[in-house]
Amino acid sequence: MVELTEQEFCEHVEHLPPAQLLPLLHESNPLYAQRGAATVVRMRGWVMLTLARTTLPDAALPFVLEDLDTGVDPYLVAAAARALRSYPTPNSAFAPFVVRAISNIRYRDERLSLETYGGFAIGTKGTTPVRELLATLTSLGSHARPIIPEVESLRTGPSALAKKYQPILEEVLKSIQTHSETNTDCCQLPDSVKDLFSWMRPARGSSSIDSTVLEDQNGNTLTFGEYFYGRPSIVAFFYTRCDNPLKCSLTITKLARIQKLLESEGLADQINTAAITYDPGFDLPERLLNYGHHRGIRFAPEHRLLRAPDGVDALRKHFQLGVNFIESLVNRHRIELYILDAKGQTAGYFGRIQWNEREVVDRVIEVLKKNRDRPKLRVASPVFGTAVALGLALFPKCPFCWAAYLSLFGIAGVETIPYSPWLQPVLAILLLSNLASIWFRARTTHRMLPFYLVTFGALTLIASKTLSAPSTVSLLGVLLTLVGSLLSTFKPNLDRVSTVRGSGWVNDQDSYPSATADGTDPVQAAIYSARSATIGSTRVARRAGRRHASNATTNSTIETPVKVRGSVGEMP
Amino acid sequence: MTTSKTKKRGTKKSKPAKKSSAKRSPGAAFAVATNEKKSTAERAKAFVEAPLATIASDDTLQASLDVLRDRQQPIKVRLAALQSLQAATFSVIEFEPHREDYFATLRELVDDPDEELRQRVLGILARENDGYVQKRLLEGLQDPSKALVPPEKALQLLSYDVHAEAYPVAREILNAPPNPEAKREALRLLSADAKSAPVFEKLLRDKDEDRDIRQISAAALQSVKPKRFQEQARELLLDDNEYDDIQATALTALEQFGDEKAVGKDQQLLNRVDELGSSKSAKIKKSAKRFMSRYGK
Amino acid sequence: MDVEIQINNSPNANARFLTWSPASCRIRITDPAGAQGQGQPPMRISAKTTASGGSVVFRKGTTGAFSASLQLGVPVNGNWVSFFAAGQFGRASVSLNDVTIEARHGNGNKVVGSTPCTVRIRKNANNLTPAERDRFIAAFAQLNNAGLGRFADFRDMHTNVSSPQAHGAPGFLPWHRAYLLDLERELQAIDPSVALHYWRFDQGSPNIFKRDFLGESDNIGTVFFSATNPLQFWKTDGVTGINRRPFFNSNNPTGVRTEAQTLALGTAYPAFRTMEGNPHGSAHTSFGGSISSIGTAARDPLFFLLHCNVDRLWAKWQRNNNRFNPAVAASFDSGAWPIGHNLADTMWPWNGITGPPRPPTAPGGTMAPSPVVTAPGLSPRVRDSLDFQGKVSAAACMGFDYDDVPFS
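None of these values were measured; they are calculated from a predicted model.

Reading guide: rules and limits
Residues numbered from 1 in each chain as written. Chains lettered and ligands numbered in written order. Predicted model: local features only at pLDDT ≥ 70, side-chain atom pairs only at ≥ 80, totals over all residues. Heavy atoms only, no water. Helix = DSSP H or I, 4+ residues; strand = E, 2+ residues; numbered from the N terminus. Rg over C-alpha atoms; globule rule 2.2 N^0.38 Å. Buried < 20%, exposed > 50% of the residue type's maximum accessible area, 1.4 Å probe, protein only. Contact = heavy atoms within 4.5 Å. Areas by Shrake-Rupley, 256 points an atom, 1.4 Å probe, with all protein chains shown as cover. Buried area = accessible area lost by both parts, 1.4 Å probe. Salt bridge = Lys/Arg side-chain N within 4 Å of Asp/Glu carboxyl O. Nonpolar A, V, L, I, M, F, W, Y, C, P; charged D, E, K, R; others polar. Pairing = 2+ DSSP bridges. Axes fitted to C-alpha atoms, helices over the stretch in contact; angles between N-to-C directions. Polar contact = N/O pair within 3.5 Å; in protein donor to acceptor, adjacent residues only side chain to side chain. Domains from an automatic or database assignment. pLDDT = per-residue confidence, 0-100.

### A word on the overall build of chain C
Then comes step 1: Within chain C, the secondary structure is distributed over seven helices and 15 strands.
Then comes step 2: Over its C-alpha trace chain C gives a radius of gyration of 22 Å, about what one expects of a compact globule, namely 22 Å for 408 residues.
Then comes step 3: Its C-alpha atoms put chain C at 75 × 50 × 40 Å along the principal axes.
Then comes step 4: Within chain C, the proportion of its 408 residues that are buried is 68%.
Then comes step 5: Here the contacts in chain C between residues at least 6 apart in sequence split such that 70% fall between residues at least 24 apart.
Then comes step 6: Counting only carbon and sulfur atoms, one obtains 51% of the accessible surface of chain C, whose full area is about 11800 Å².

### Description of the overall build of chain A
Then comes step 1: Scanning chain A from terminus to terminus reveals 20 helices and eleven strands.
Then comes step 2: Buried positions account for 58% of the 572 residues belonging to chain A.
Then comes step 3: Long-range pairs, those at least 24 residues apart, make up 75% of the contacts in chain A with a sequence separation of at least 6.
Then comes step 4: Just so you have it, chain A exposes about 23600 Å², and 58% of that area is on carbon and sulfur atoms.

### Focus on the environment of A336 of chain C
Then comes step 1: One can find A336 of chain C in the segment after helix 7 (302-321).
Then comes step 2: Excluding anything up to four places from it in sequence, A336 of chain C contacts P158 of chain A together with N342 of chain C.

### A word on the interface of chain A and chain C
Then comes step 1: Facing the 28 residues of chain A at the interface are 24 residues of chain C.
Then comes step 2: Together, the buried faces of chain A and chain C total about 2100 Å²; carbon and sulfur atoms form 60% of this surface.
Then comes step 3: Where chain A packs against chain C, one counts one salt bridge.
Then comes step 4: Salt-bridge contacts for D156 of chain C lead to R295 of chain A; the nearest nitrogen and oxygen are separated by 3.5 Å.
Then comes step 5: The set of elements that each furnish at least two residues to the side of chain A that touches chain C consists of helix 6 (94-105), helix 11 (245-264) and helix 12 (285-293) of chain A.
Then comes step 6: Ranked by the residues each element gives to the side of chain A that touches chain C, the list is headed by helix 11 of chain A, at six residues.
Then comes step 7: Classifying every residue of the side of chain A that touches chain C gives eleven nonpolar, nine polar and eight charged.

### Topic: the sheet that holds strand 3 (residues 23-31) of chain C
Residues and elements named next belong to chain C.
Then comes step 1: Taking strand neighbours across the sheet as the criterion, the four strands line up as 1-3-7-5 in an open arrangement whose pairing is antiparallel. The sheet is open, and its two borders are formed by strand 1 (2-7) and strand 5 (56-59), each paired with just one other strand. Here the strands of the sheet are splayed against their neighbours by 35 degrees on average, with no regard to which way each runs.
Then comes step 2: Where strand 1 lies against strand 3, six bridges are found, and the strand directions are antiparallel.

### Quick look at helix 11 (residues 180-189) of chain B
Then comes step 1: Along helix 11 of chain B, eight of the ten residues are buried, which leaves the element largely enclosed by surrounding structure.
Then comes step 2: A182, K183, R184, E185, A186, L187, R188 and L189 of chain B are the residues of helix 11 of chain B that are buried.
Then comes step 3: Residues of helix 11 of chain B that are buried make contact with helix 9 (151-158), helix 10 (167-175), helix 12 (197-205) and helix 13 (211-224) of chain B together with strand 11 (223-224) and strand 13 (239-240) of chain C.

### What to know about the interface of chain C and chain B
Then comes step 1: Taken residue by residue, the interface counts 86 residues in chain C and 65 residues in chain B.
Then comes step 2: At the boundary of chain C with chain B, total buried surface from both sides reaches about 6000 Å², with 52% on carbon and sulfur atoms.
Then comes step 3: Broken down residue by residue, the surface that chain C buries against chain B is led by I220, T228 and F233 of chain C, which jointly contribute 12%.
Then comes step 4: Here chain C and chain B share four salt bridges between them.
Then comes step 5: When the shortest N-O distance is used, the salt bridge between D134 of chain C and K286 of chain B registers 3.1 Å.
Then comes step 6: On inspection of chain C and its partner chain B, the count reaches 27 residue pairs in polar contact (both at pLDDT 80 or more).
Then comes step 7: For the side of chain C that touches chain B, the elements supplying multiple residues, two or more each, are helix 1 (130-144), strand 13 and helix 6 (277-284) of chain C.
Then comes step 8: When its residues are assigned to classes, the side of chain C that touches chain B shows 23 nonpolar, 46 polar and 17 charged.

### Details of the sheet that holds strand 4 (residues 42-49) of chain C
Residue and element names in this part refer to chain C.
Then comes step 1: Read from one edge of the open sheet, five strands run 2-9-8-4-6, paired in mixed fashion. Of all strands in the sheet, those with a lone pairing partner are strand 2 (17-18) and strand 6 (69-73), marking the two edges.
Then comes step 2: Where strand 4 meets strand 6, five bridges bridge the pair, whose relative direction is antiparallel. Bridging across to strand 6, M43 finds its partner in L72.

### Digging into the domain arrangement of chain C
All names here are of chain C.
Then comes step 1: Splitting chain C by domain gives domain 1 (2-119) and domain 2 (125-396).
Then comes step 2: Computed from C-alpha coordinates alone, the two centres of domain 1 and domain 2 are separated by 34 Å.
Then comes step 3: Each partner contributes residues to the interface: domain 1 has nine residues there, and domain 2 has eight residues.
Then comes step 4: Taken together, the two surfaces of domain 1 and domain 2 that pack against each other cover about 740 Å², and 58% of this comes from carbon and sulfur.
Then comes step 5: If you look at where domain 1 meets domain 2, you find zero salt bridges.
Then comes step 6: Our count for the contact surface shared by domain 1 and domain 2 stands at two residue pairs in polar contact (both at pLDDT 80 or more).
Then comes step 7: A class-by-class count of the residues in the side of domain 1 that touches domain 2 yields four nonpolar, five polar and no charged.

### Some words on the confidence of the model for chain A
Residue and element names in this part refer to chain A.
Then comes step 1: In this model, chain A carries an average pLDDT of 79, and 73% of its residues clear a pLDDT of 70 or more.
Then comes step 2: For the stretch residues 492-520, pLDDT sits under 50, and the model shows 55 contacts to residues farther than four places along the chain or on other chains.
Then comes step 3: Low pLDDT, under 50, characterises residues 536-572; the stretch is placed with 81 contacts to residues that sit more than four places away or in other chains.

### Notes on the pattern of salt bridges
Then comes step 1: Under the definition given, this model contains 81 salt bridges over all chains.
Then comes step 2: Ionic pairing is found between E184 of chain C and R122 of chain C, a salt bridge with its closest N-O pair at 2.9 Å. Pair noted here: E184 of chain C is in helix 3 (residues 172-190) and R122 of chain C is in the loop between strand 9 (111-119) and helix 1, with a separation of 62 residues, a long-range link. Of the two residues, E184 of chain C and R122 of chain C, neither departs from the other in class, the shared state being buried.
Then comes step 3: One continuous salt-bridge network, built from bridges that share partners, spans R108 and E110 of chain A together with R99, R107, E128 and D130 of chain B.

### Observations concerning the pairing of strand 5 of chain C
Residues and elements named next belong to chain C.
Then comes step 1: Residues V56 and F58 of strand 5 are buried on one face, and the alternating residues V57 and R59, pointing to the opposite face, are buried as well.
Then comes step 2: The sheet contact formed by strand 5 and strand 7 (residues 81-87) spans four bridges and is antiparallel. Across the sheet, V57 pairs through a bridge with A86, a residue of strand 7.

### Quick look at the side chain of R299 of chain C
Then comes step 1: Considering the arrangement of structural elements, one finds R299 of chain C in the loop between strand 15 (287-289) and helix 7.
Then comes step 2: A distance of 2.9 Å separates polar atoms of two side chains, one belonging to R299 of chain C and the other to T236 of chain C.
Then comes step 3: Not counting chain neighbours up to four residues away, the residues in contact with R299 of chain C comprise Y160 of chain B together with R155, W234, T236, D237, V239 and S290 of chain C.

### A few points about unusual backbone geometry
Then comes step 1: With omega at 10 degrees, the peptide bond leading from P356 of chain C into P357 of chain C counts as cis.
Then comes step 2: Between A375 of chain C and the following residue, P376 of chain C, the backbone shows a cis peptide bond with an omega angle of -5 degrees.
Then comes step 3: Counting through the fold element by element, P376 of chain C comes out in the segment after helix 7.
Then comes step 4: Of note in this structure, E327 of chain A is not a glycine but carries a positive phi near 55 degrees.
Then comes step 5: Looking at the secondary structure, you find E327 of chain A in the loop between strand 7 (323-326) and strand 8 (329-333).
Then comes step 6: Of the residues examined, E327 of chain A reaches a relative accessible area of 21% and is grouped as partly exposed.
Then comes step 7: We note that N129 of chain B has phi near 55 degrees; this positive angle belongs to a residue other than glycine.
Then comes step 8: Summarising the element assignment, N129 of chain B is placed in the loop between helix 7 (115-126) and helix 8 (131-142).
Then comes step 9: For N129 of chain B, a relative accessible area of 31% gives the class partly exposed.

Here it is as structure tokens:
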């Protein structure tokens, strides 16, 4: 990949049309690879500002809202605020995001320039993120009506903004109060914004992730398939060195709340929760254990923090993760949480904006119900398989042997049944049917050893019949069939959780407060509500992993990394 | 403790503090601080005396920033103004309205001709993970003609943010250090880099390496590969020819962070440490004693 | 005859800690042999001390003077009799259980019952014995556990994002008092003999800035430790080591208000709390390095000793002006302040509340409980930080004291 300098990037971006700028908002774009976090901030901010010079396309909205919801970089927050002003249709659902951004950034307010790349403001000229956010509120006009109380509290009272912002706040209130006929239906994001949550249908035939080895917080290893098959799962991504407390630290804290919700509904042993680190080289098991503990995570066989020592690339590809790296360290990532079905296939995705714990639990329960309603795959019992194998092994070679067998039973009249040579191939077919059912079972449990044993047993039996081998060979075939059939009935072995080592600090979860958001936060409620309203109209979409052509006007439902025409590298 | 005298209980009287000037209000102190007719010493003292006076109003803030920016002002007064303003930043809620102007001024001072002022300003901004400063520091490491501070200081400042893209240049400096301090700071910066574990191991075991380098390597290896560090620490302790300092570091690490089960069963190690308890070296003796008090004997 | 003595009315060894504040104690006869016929044989309670160890004084009720010994009639039926014990001011312990409370029957010399205890007091860190110092830093290092320990929560409680909860408004002092107490209790869970000591920043403290204690800085501010100092493994934010560059050549920072000047700021809280600027802010910025910026200050263990001194100054000011009662206006700053800075507000993170106007997460959970006292509770309010010695209400005693701030 040819590496662009920042100067070259800046010039390159300025000449791109919006359709080609959109892919540059994806964290996973190769142009961001091997760059420091601050560099990525500058680059992304510049892309956003370039988009803001024309009309902001729908597809860019999730990125803009994301930076308002959880951004802590003054430049990016200011750029997002400005970009939102260029969206053609103001919407009342934007207002809570803007207020949230003011709350996030006000104590990191600093002077910057949105006219120059990087935003470094030297001297007195420039703007600030708070100023930009207030300007955005002004531009929303009466669409900001739902957040009048928040604006008032920024204007006066103990949490008021600095006096220098008072005139702008007056302007905001004035603009809200004009055009009072405008629709003030809060919390309905534009229909086109669907990338915050999606149902996903898994692609066929993709199981390469199943064998990816994971290690949990206690050092136990297991494959992706072993952990995620059998129950629906909630999977988040994070890393312990994340420096944005609104992302990873909060994600894990909220995952702990999801665990509490599941427990309160009696579903903790029916739904897995997991968080996988982007940074397995640094996030060793003890680090995962402590990180989770410090955020209220309850550990159990169904609830783990995981690392993939050699599997980051596989995970990245499978989930199409919104992340990029400088060497092994994350330089930028989105908030992303996935719902997997009982086969470990991706069924749903929450991205970018803070997700609501209740909503996530409701979605995974839907998946759980779907799994329950699905007809169960019938698996032949080991008794049947072994009986068939035994029958085949002992089937007589000739009519005289047949009579001898029947007379052994001593049942009156049985000896009159003529020699039935057709029984042997029937038994063989039944044996192969048993083999097929064992194969399905092995596929679903991801344990192939039973299948291999039964296969070898069946081949041994068939060979012994066709090659007239000694009876011990047949009996070996029966034995292998028996052992394989029995093994296939056992569930995967899930190791027990162990207690915290070392410090002796006990998992005193009972005394941990239920760290839910203060129920009086209307802004958060509004943001969640906006997402929920969007989810109601979301349709099923193809699983991420298929590439689409980038199209600024397409109502694409899944964020997919897209090859940029004229870009200098392939997408991961 | 370096003194041989045992400290007595109770409140021992320490060296008395210097007598202050007569009590004056923060406003009065600020007036002195910004009064160019007063002596440098008086002005500097006055600035440091009343940090909150610098943000009492927009006017006092601007006056403070004017002094800070003005290269014609005595450097001691400018440094005092900086110290006072930075002290005021701790009063976060009160400082909020002034942050914009303060940090904009700091950026201007990144190129100030006074090295001490420059260093302090860079430190403040680096601790805010400021992208501008990171970029300038990296440029200075790659091209010494653009360096704002010596390489060891630049590396130290970059180490505040693991996300600064400093690992590649730190590795280069580690391989070809311009001076021992730069090597040491490069190693410290890399201490969270799992990829550098082989380097930590090599430096830790190299008896020709500087003691500080080996000590930092020990801490770094312990962080990224704790099991491997434990094995190395064990070998260091079993080595009769190893330096006392390094053995003391290894003992301290095992005593504090060792895998209790593994160490407790390692009879060879326990016997060795027991022997070390009779060492002539006070450091070894002390660490060995602590170690053995944890592991049973 | 045998008697049982309980300190803090608890049979547990982890409750045998005293400060200068009176602690509820009790005594009963467990074997009345030799006291037949006596309804309430007299017991003489006193403290056995070493030359350098702690010492304890006693009184019968909730008021009155303390004395070196106490006479009590204790019934043979085994009923408890209450009394109060406190550390003798100026005689703090130097090691665990270096003072023993003893009971003798009447005027006899034979000890019929005893209980060891510790007068555990926050001291000037510059004056610690080597053993005290080593235990203190060992506990600190274990709390950090090379970046994996509970210290990470304390670091995460004091960041740029959370700083408005505790700075620039009246809640500054109460919040930091609770913060220090939480940390101290975690240290005591590791080593109960330890207290959180203070750095007297207006005096020379050469012993603190040595390689065997909080480290020695080179000219660029890298801090060095001796090979036996466990702080050499100190890690925060994934990075090893501490950056701290003193701007002073002598042993104490210049320009920082002295104790006398600080205590003279005013007799009402609004005036006193300006000490947040100087000496507090000035002490922070007497260095370059982590401690001089609010978002990184808690990465340096010196931060906690600095704030312990800030808290000591507040404690002394409270004593000088009788400002323990939140109901007294001059004890605090009334008015409508941002959340977390009003008397009735709960304090983040111990309240577990997240989301604006609070920070997004609440690291560390509830306040660490104590086996010795119940205050300030798992989720303290701002007002719960004021009566730390239990002067207004004995139940409010928080279980710590300073070596130079008496109770009476």
